[in-house]
Amino acid sequence: MHFGFIPKDEDDEELFSKAFKEKKVKFTLLDESSQWINSGKTVETGFFKREQSFKKFMKKDFAKLKEDSRRGDIPVKNLNLIFMRKLDHVYSSADNCKSEFTLDFLELIEKDVPVINPIAGIRNACRKHVTNYLLARQGLPTPASFAANDPVRAFLELNRIGFPQYIKPVEGGGGSGVFYVKDGETGGDLTSVYGLFEKPLILQRIAGDGKGDIRVIVVGEKVIGAIKRKTPKGMHKSNVTVGGKAFKMKADDELGELALKATKALGCKISGVDIVEDADGYKILEVNASPGFTGFKKATRIPVENRIVDYLISEARS
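Here is a short report on the structure shown in this document. Every value quoted in this text rests on a predicted model; they were computed, and no experiment measured them. Residue indices begin from 1 for each chain and proceed along its sequence in written order. Where totals are concerned, whole chains, interfaces and linings use all residues; where local detail is concerned, this predicted model gives features only for residues with pLDDT of at least 70, and gives and counts side-chain atom pairs only at 80 or more. Note: side-chain values were computed over all heavy atoms of the structure, leaving out hydrogens and water.

1. Focus on the nonpolar core
Nine residue types can take part in a nonpolar core, namely buried Ala, Val, Leu, Ile, Met, Phe, Trp, Tyr and Cys, and a core is a set of them joined through side-chain atoms within 4.5 Å. Per-residue accessibility, obtained with a 1.4 Å probe over protein chains only, is compared with the maximum for each type, and a residue is labelled buried under 20%, exposed over 50%, and partly exposed between these values. If you look at the biggest cluster of nonpolar residues, it comprises 38 residues, and the most contacted ones within it are Phe 47, Ile 82, Leu 106, Val 216, Ile 275 and Ile 284. In DSSP terms, a helix is any run of H or I states spanning at least four residues, a strand is any run of E spanning at least two, and both are numbered starting from the N terminus. The set of elements that each furnish at least two residues to this core consists of strand S6 (81–84), helix H3 (96–109), helix H4 (119–126), helix H5 (128–137), strand S12 (212–219), helix H9 (253–266), strand S15 (270–278) and strand S16 (281–288). The element that contributes the greatest number of residues to this core is H9, accounting for five residues. Counting residues in each nonpolar core, the second largest holds 25 residues, with Phe 16, Val 219, Ile 270 and Phe 293 among its members.

2. A few points about the pairing of strand S4 (residues 43–48)
Being paired, for any two strands, means DSSP has found at least two bridges between them. Bridging between strand S3 (residues 35–39) and S4 involves five bridges; their strand directions are antiparallel. Counted as the bridge partner of Trp 36 is Gly 46 from S4. Between S3 and S4, which pair antiparallel in sequence order, lie three residues.

3. Comments concerning the packing of H5 against H9
When two helices pack together, you describe them by how their axes are tilted relative to each other and by the distance separating the axes. A fitted line through C-alpha atoms serves as each axis, taken over the contacting stretch for helices, and the angle formed by two N-to-C directions is quoted from 0 to 180°. Axis separation between H5 and H9 bottoms out at 9 Å; the angle between their running directions is 115 degrees. For the pair H5 and H9, the sense of crossing is right-handed. Contacts from Thr 131, Leu 134 and Leu 135 in H5 reach Ala 262, Ala 265 and Leu 266 in H9. Residues are grouped as follows: Ala, Val, Leu, Ile, Met, Phe, Trp, Tyr, Cys and Pro are nonpolar; Asp, Glu, Lys and Arg are charged; all remaining types, including Gly, are polar. Per-class residue counts for the contact of H5 with H9 are five nonpolar, one polar and no charged. The sense of a crossing depends on the near helix, which, turned anticlockwise from the far helix by less than a right angle, makes the crossing left-handed and, turned clockwise, makes it right-handed. Only heavy atoms matter for contacts: two residues are in contact if any of them lie within 4.5 Å across the pair.

4. Considering a negative patch on the surface
Residues Asp 9, Glu 10, Asp 11, Glu 13 and Glu 14 make up a contiguous surface patch of negative charge. By the element assignment, Asp 11 lies in helix H1 (residues 10–22). The exposure class assigned to Asp 11 is exposed, which follows from its relative accessible area of 58%. What makes a patch is a set of residues exposed beyond 30% relative accessible area and free of salt bridges, joined within 9 Å when like-charged and within 5 Å when nonpolar (Val, Leu, Ile, Met, Phe, Trp, Tyr). With residues, only the protein chains shown are counted as cover, and all accessible areas are computed by Shrake-Rupley using a 1.4 Å probe. For this analysis, a salt bridge means a side-chain nitrogen from Lys or Arg found within 4 Å of a carboxyl oxygen belonging to Asp or Glu. Only four residue types enter the tally: Lys and Arg on the positive side, Asp and Glu on the negative side, with His and both chain ends excluded. Positions of charges follow a simple convention, taking NZ of Lys, CZ of Arg, CG of Asp or CD of Glu.

5. Here we look at the sheet that holds strand S5 (residues 73–75)
Across the sheet, which stays open at both edges, the three strands sit in the order S3-S4-S5 with antiparallel pairing between neighbours. Among the strands making up the open sheet, the edge pair consists of S3 and S5. Each strand axis lies, on average, 35 degrees off the axis of its neighbour in the sheet, ignoring direction. Lying over the sheet, H3 contacts S3 and S4, oriented at roughly 60 degrees with respect to S3.

6. Remarks on the state of the cysteines
Here, the term disulfide refers to a pair of cysteine sulfur atoms separated by no more than 2.5 Å. Applying the stated criterion across every chain yields a total of zero disulfides. Looking at the unpaired Cys 268, the closest cysteine sulfur is the one in Cys 126, lying at 8.4 Å. In this structure Cys 268 comes out as buried when scored by relative accessible area, which is 6%.

7. Observations concerning the packing of H1 against helix H11 (residues 304–317)
Between H1 and H11, the shortest axis-to-axis distance is 9 Å and the interhelical angle comes to 55 degrees. Taken together, the axis directions place H1 and H11 in an arrangement best described as oblique. Once H1 is placed against H11, the crossing between them reads as right-handed. On the side of H1, the interface is formed by Leu 15, Phe 16, Ala 19, Phe 20 and Glu 22, while H11 contributes Glu 305, Asn 306, Ile 308, Val 309 and Leu 312. Oblique is the label for any angle not covered by the other classes, which are roughly parallel (under 35 degrees), roughly antiparallel (over 145) and roughly perpendicular (65 to 115).

8. With respect to the side chain of Thr 131
In this structure, Thr 131 sits in helix H5. A residue is classified by how much of its surface remains accessible, and Thr 131, at 2% relative accessible area, is buried. Residue contacts for Thr 131: discarding those within four places in its chain leaves Asn 124, Ala 125, Leu 266 and Val 287.

9. Brief notes about unusual backbone geometry
For the bond from Ile 116 to Asn 117, the omega torsion is 5 degrees, close enough to zero to count as cis. Secondary-structure assignment places Asn 117 in the loop between strand S7 (115–116) and H4. A cis amide bond links Phe 163 with the next residue in sequence, Pro 164, at an omega value of -5 degrees. Inspection of the secondary structure assignment puts Pro 164 in the loop between helix H7 (158–161) and strand S9 (165–169). One non-glycine residue, Lys 24, lies in positive phi territory at about 60 degrees. Relative to the helices and strands, Lys 24 resides in the loop between H1 and strand S2 (26–29). Residue class for Lys 24 comes out exposed when judged on its relative accessible area of 76%.

10. Observations concerning a nonpolar patch on the surface
Together, Ile 37, Phe 101 and Leu 108 give the surface a local cluster of nonpolar side chains, amounting to about 270 Å² of exposed area. Position of Ile 37 among the secondary structure elements: in strand S3. Look at Ile 37 and you get partly exposed, because its relative accessible area is 37%.

11. A few points about H4
Burial of H4 is extensive: seven of the eight residues sit out of reach of the surface. Contacts made by the buried residues of H4 are with S6, H3, S7, H5, H9 and S16.

12. Section: H5
Restricting attention to buried positions, one finds in H5 the residues Lys 128, Thr 131, Asn 132, Leu 134 and Leu 135. Against H4, strand S8 (145–148), S9, strand S11 (201–205), H9 and S16 lie the buried residues of H5. A positive backbone phi angle near 75 degrees is found at Gly 139, which sits one or two residues after H5.

Here's what the structure looks like:
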């Protein structure tokens, strides 16, 4: 069995590389931006593994290079599964063309080789306006929200959504770019900033007690565990990456069922579902297609990476 692995960062690479080795699974680290497609009488796809940057590569003496220019190629047909964790490029505007090539490539090959998470799920989860729509369409409880490509239209909805509310970009992660808004004046200023940069935005009524939220980890058809994330004093975000504290909690049947339904609604297989509880019950905030595990592992002591690798093995065999 041979997996391709696209980690989200160095810590992620270390965590899952160790798990793959413990499970005796052969894996190859793949560059998320080095795919190739050969179309002609035959169709081939793969990744090109280059150890140095393009600038360093160009400094080589090409006369001494071997004639076999494909020595860095890793054909997709040789892989049993691709584990996709690197999602930064999905919502990065630095090079949208390269990002789309990556997603298109993985979407094409997943018809022959399993890609987890599935690309449709990644796209849905990374675009918060799509997430809100798909969850609500399935009748799942979510805070009132409004997404618009036109900031003037969003401005007209500020009072209807109500305060306090979050104003946030349609794409992003780790709480980046999320603003806590208490009044219409501040909301109007923020919508005008989005207008200046011609960016779509989301208004979302704040639900819960404001003291934290719940993160539920889903792998396949199972809830692996849950944590309560406490919001740092003086802040309005509970993400561990911005100082939130994580505590182990038991996921009751209702919480687990909501997390599973939310994951399925977006087309994901592995997820971190963020949920809050208020007077009306649970409400789903987001579904993360590539959740971080630092806070979860520290709070629960659950070896989530081993559970995930076991799941990947079962998916590759099915």
